[in-house]
Amino acid sequence: VISPEVDIYVHRVYFFFESGIIFYVFVINLIYLFLVALGVFALRKHHLPFSPAERDAIRRSPLTPSISLIVPSYNEEVSVRDSVGCMLRLDYPNYEVIVVNDGSKDRTLELLIDQFKLFKSARSVAGPIETKTVRKVYESTEPVRLLVIDKANGGKADSINAGINAARSDLVMVVDSDSLIERDGLFEMVKPFLEDPERMIAVGGTVRAVNDCEVRSGMVRRIRTSKSLLANFQSVEYLRAFFGGRVGFSLFNCMLIISGAFGLFRRDRAIEVGGFDHSSIGEDMELVVRMHHYFIDKKQPYRIAYVAAPVCWTEVPQEWKILHRQRKRWQRGTVDSLWRHREMLLNPRYGVVGMFAFPYFVLFEMFGPVVETLGYALTVIGLTFHIISTSVAILFFTVSIAFGILLSTSAVLLDELTPCRFPNWRNTLTLFAAAVLENFGFRQVLTLWRAQGLWEGIRGKKTSWGVMVRRGFSPSKP
Amino acid sequence: MVEGARRRIVQARDFVKRCFEPHRRGALVALIKASVMIGALSELGWLLDTRYFSRRYAQLPISLAWSMLSVIFLVTVAEVYGSAMLKLRSTRRSRLSEAASLRLTAMVTAYIAGEKGPEEIELAAKDSRKDLEKCIATALLRLRGSALRRLCELPAVFKLRDKWIAQSRKGDAEQRRYAVEQMGLLRDAATIPALEKALLDPVGAVEAAAVRGLLQLPTYQKRDELLLSLAGRSYLVRVLTACESADEASGVRERELEVGSLLALACAAGPVEELAKEEAAARASCLALAAQGATGFDSLRRMSAAGEAGDAPAEAFGASLAAAARGGRT
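Residues numbered from 1 in each chain as written. Chains lettered and ligands numbered in written order. Predicted model: local features only at pLDDT ≥ 70, side-chain atom pairs only at ≥ 80, totals over all residues. Heavy atoms only, no water.

(A) A look at the nonpolar core. In this structure, Ile67, Leu69, Met173 and Phe265 of chain A are the most contacted members of the largest nonpolar core, which totals 217 residues. The leading source of residues in this core is helix α13 (residues 390-415) of chain A, at 14 residues. (Core = buried A, V, L, I, M, F, W, Y, C linked by side-chain atoms within 4.5 Å. Buried < 20%, exposed > 50% of the residue type's maximum accessible area, 1.4 Å probe, protein only. Helix = DSSP H or I, 4+ residues; strand = E, 2+ residues; numbered from the N terminus.)

The structure is reproduced here in structure tokens:
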């Protein structure tokens, strides 16, 4: 039996916590909404795509920067041939593809040798970044130079570093081996480097879900939504993350993530900061944060940008188990990257990065899932034991779920402003439905997983290559 | 103290200058618009709460929730409706436009072949001026020689020329670039003043389109001046015009243009660390390559890669050239 005084005290403390959480969730969603609004205005006006005449000029220009596509792969026998085939057919005048086989246990290397008629090469792949031993190098020159590096297993970051060492181009692009790049994607990716060659050091593109899209000859021929609801939820999530968050952060040169599946870096600058850190869990985010840290410390002007137009299509997990593992890994990566560069947090020396982007990531991306999970738990418990009134619970659900719906549907609308939108209005309506439905269960589950990831990250759990069940890009029925 | 104040003033001036760089200006405009939009939505929610829901529901959380839900519902419905309408309209428009374009393309082809007169095209394009413009723009990009001359005699092209001249001075960057590109393809001396004006456009793509357009004009008098000014233009402009400039500048002229400006930059300065270490060797290699007959950036790069650059490592030398090309303005 609780005395009335204690009961009142419990109610007050509970109400205080609940209000705090409601305020927190409201602020986080308001910031998201602001980023989405920035995306609306920036997506159309900020980026001027190349005209056909300009593309033609770039194709013929001797000054066009060269690009090395680095494709780290580990046990990718299902999709590696299709994705490398797709990369060899890109529309860009001056590029090479470097596949780094990170000691795969399956037939990845054999399939590549057979498919692309590779021969042993004497090309030196030694470079300034230390990597695991390179066993052999294979090469093919038709139609675009393809280099396959077979090395001892060392993880994704180590493989990318081996690729950076072997590359001889001005720019290096890191692409996942289960991804397909739009045929003309490199033009738009390279544009920021042409516009600001001195300062631009890295550019990220858009990653979208390819599940159930029609793929032929390694190219996405028809864009459509997936039959799997889980894949559609992730489609909406990707749209929200890219068109909302990254556009906004990129505008103020404080983007902390360039997706490991599709990022273009200036090779000399990537080497200058020491390449990808193989001890890091989220090597893509860590490199970008390190670049900010390094170049601000050195007082060297730099820019890191995001362009929405070039799209890289990737398979998203359709199994809950794999998605669970992926999200926990991503969250651990975020924790790890932020912890390594904690010196930047609220440090005015680091400008917008230190005073806005970094605190945002720590407060909302890192601890957000914990607070939100706590909010759901407190609300349910409070309602069950009549500690909070129904009105407070309604306010919490409005702020978290209804706001979430608004954010997701806005992201789908943002998709309409990009050239790579869904061509069919039925697909758009499916996405809108997914944008509403994902807020009833899916988002909460993700929040819980991310909270788990945070806990594992704090405990310092290590990671290796992510495991993903590949379906491959075999032609699907139209 | 005076020195300190002067330094602060310079810093403040640099800061203001940086704030108004094109990409930052765009960011600032987007920021203001987004703030206005969020502000308007918040104001709407606040008005709903104070004027309506707070009178209906005594509890603050409930009235707040209702007002938020109302705004969210309105915006979401508007988004879904707007998105579906946009899609339906663009599908319909592209279907109609496709049919009209096909019809007009056939007519323009017949006109170029001399089978149809300009009046028939004018009549056919009466209700689809935009499609005719699209059709002419496509033809301008593909036609050469007498076919192009015949097309340029079409009265509709004269009207379009005047429209493009006007459009090159106003409108957003995309419209200006389009207008300047089209004027360049016309190869008409009447567009020279507008193209020369576009050379001063703050957007690199418009500037490049103007350079390309002027270099394609056989009657343009200040060709040499324009070619020599390329070394001082932005990297984007140089990339986009490298082919035209290489086509135009041949032999000795190209040698003066490329070797004279780029070589000096390649030898003297570059942000790459190796370059500083190898500067003397790179300088010697550059001069050696020039003596061996390097006539342009591409040949320099090619010759250095082929090991004709003397003792300087090909990689460092290539990097120095790339750095020089990027930093041409400095």
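Once the structure has been displayed, the description carries forward.
(B) Focus on the pairing of strand β1 (residues 67-73) of chain A. Residues and elements named next belong to chain A. When you tally the buried positions in β1, you get seven out of seven residues, the bulk of the element. Going residue by residue along β1, you find Ile67, Leu69, Val71 and Ser73 tucked away on one face and Ser68, Ile70 and Pro72 tucked away on the opposite face as well. In this sheet, strand β2 (residues 95-102) lies alongside β1 in parallel orientation, the contact comprising seven bridges. From the neighbouring strand, Ser73 faces β2, where its bridge partner is Asn101. For the handedness criterion, the β-α-β arrangement of β1, helix α3 (residues 80-88) and β2 is classed as right-handed. The pairing of β1 with strand β6 (residues 171-175) spans four bridges and is classified as parallel. Within β6, the position partnered with Ser68 by the bridge is Val172. (Pairing = 2+ DSSP bridges. Right-handed = clockwise from strand over helix to strand, strands pointing away.)

(C) Local environment of the interface of chain A and chain B. Listed per partner, the contact involves 60 residues of chain A and 56 residues of chain B. Summing both sides of the interface, chain A and chain B together bury roughly 5200 Å²; the carbon and sulfur share of this comes to 70%. On the chain A side of the interface with chain B, the three residues burying the most area are Phe41, Leu48 and Leu63 of chain A, jointly 13% of the side's total. The interface formed by chain A and chain B includes one salt bridge. In this structure, Glu54 of chain A engages Arg177 of chain B in a salt bridge whose closest nitrogen and oxygen atoms are separated by 2.8 Å. For the pair chain A and chain B, the interface holds eight residue pairs in polar contact (both at pLDDT 80 or more). Counting only elements with at least two residues in the side of chain A that touches chain B, the list comes to α1 (4-45), α2 (52-60), α6 (185-195), α8 (267-272), α13 and α14 (425-437) of chain A. It is α13 of chain A that provides the largest number of residues to the side of chain A that touches chain B, a total of 13 residues. Classifying every residue of the side of chain A that touches chain B gives 37 nonpolar, 10 polar and 13 charged. (Contact = heavy atoms within 4.5 Å. Buried area = accessible area lost by both parts, 1.4 Å probe. Salt bridge = Lys/Arg side-chain N within 4 Å of Asp/Glu carboxyl O. Polar contact = N/O pair within 3.5 Å; in protein donor to acceptor, adjacent residues only side chain to side chain. Nonpolar A, V, L, I, M, F, W, Y, C, P; charged D, E, K, R; others polar.)

(D) Looking closely at the pairing of strand β12 (residues 303-314) of chain A. All names here are of chain A. Taken across its 12 residues, β12 has 11 buried, putting it largely inside the fold. Here strand β7 (residues 179-181) runs beside β12; their pairing, made up of three bridges, is antiparallel. Residue pairing in the sheet places Ser179 in a bridge with Thr314 of β12. Across eight bridges, the pairing between strand β8 (residues 200-209) and β12 is parallel. Paired with Ala209 across the bridge in β12 is Thr314.

(E) Seen up close, the pattern of salt bridges. Residues and elements named next belong to chain A. Within the structure shown, the criterion is met by 36 salt bridges over all chains. One salt bridge connects Asp150 with Arg135, and the closest N-O pair in it is separated by 3.5 Å. Here Arg135 lies in strand β4 (residues 134-140) and Asp150 lies in strand β5 (residues 146-151), a separation of 15 residues in the sequence. The exposure class of Asp150 is buried, given its relative accessible area of 8%. A salt bridge links Glu456 to Lys328; the nearest nitrogen and oxygen atoms lie 3.3 Å apart. Of this pair, Glu456 sits in helix α15 (residues 442-459) while Lys328 is found in helix α10 (residues 320-340), placing the two residues 128 residues apart along the sequence. Classification of Glu456 as buried rests on a relative accessible area of 9%. Taking the relative accessible area as the measure of exposure, Lys328 reaches 13% and is therefore buried. Among the ionic contacts, a cluster of salt bridges with common partners joins Arg55, Asp184 and Glu188.

(F) Quick look at helix α8 (residues 173-186) of chain B. Taking 1.5 Å of rise per residue, the 14 residues of α8 of chain B would be expected to cover 20 Å, and the 20 Å separating its terminal C-alpha atoms lies within 8% of that figure. Among the 14 residues of α8 of chain B, 10 are classified as buried, and the element is accordingly described as predominantly covered. Three or more residues of α8 of chain B are buried, namely Arg176, Arg177, Ala179, Val180, Glu181, Gln182, Met183, Gly184, Leu185 and Leu186 of chain B. The inward-facing, buried residues of α8 of chain B contact α2 of chain A together with α5 (129-142), α6 (145-152), α7 (155-167), α9 (192-198) and α10 (204-216) of chain B. At the C-terminal side of α8 of chain B, Arg187 of chain B shows a positive phi close to 55 degrees. (Expected span 1.5 Å × (residues − 1).)

(G) Main features of the sheet that holds β6 of chain A. Residue and element names in this part refer to chain A. The strand order across the open sheet formed by 10 strands is β3-β4-β5-β2-β1-β6-β11-β8-β12-β7, and the pairing between neighbours is mixed. This sheet does not close on itself; its edge strands, each paired only once, are β3 (119-120) and β7. Sheet topology note: the β3/β4 ladder contains two bridges and is antiparallel. Considered in β4, the bridge of Phe119 is made with Glu139. Strand contacts of helix α4 (residues 108-116): β1, β2, β4 and β5, with the helix running at about 155 degrees to β5, the strand carrying the most contacts. (Axes fitted to C-alpha atoms, helices over the stretch in contact; angles between N-to-C directions.)

(H) View of the environment of Asn232 of chain A. All names here are of chain A. Considering the arrangement of structural elements, one finds Asn232 in helix α7 (residues 229-251). Judged by its relative accessible area of 3%, Asn232 falls in the buried class. As a C-alpha pair, Asn232 and Asn211 span 21 residues in sequence and 8.7 Å in three-dimensional space.

(I) Fine view of the side chain of Ser337 of chain A. Residues and elements named next belong to chain A. Residue position: Ser337 is located in helix α10. Look at Ser337 and you get buried, because its relative accessible area is 0%. Other than its neighbours up to four places away in sequence, Ser337 contacts Gly282, Met285 and Glu286.

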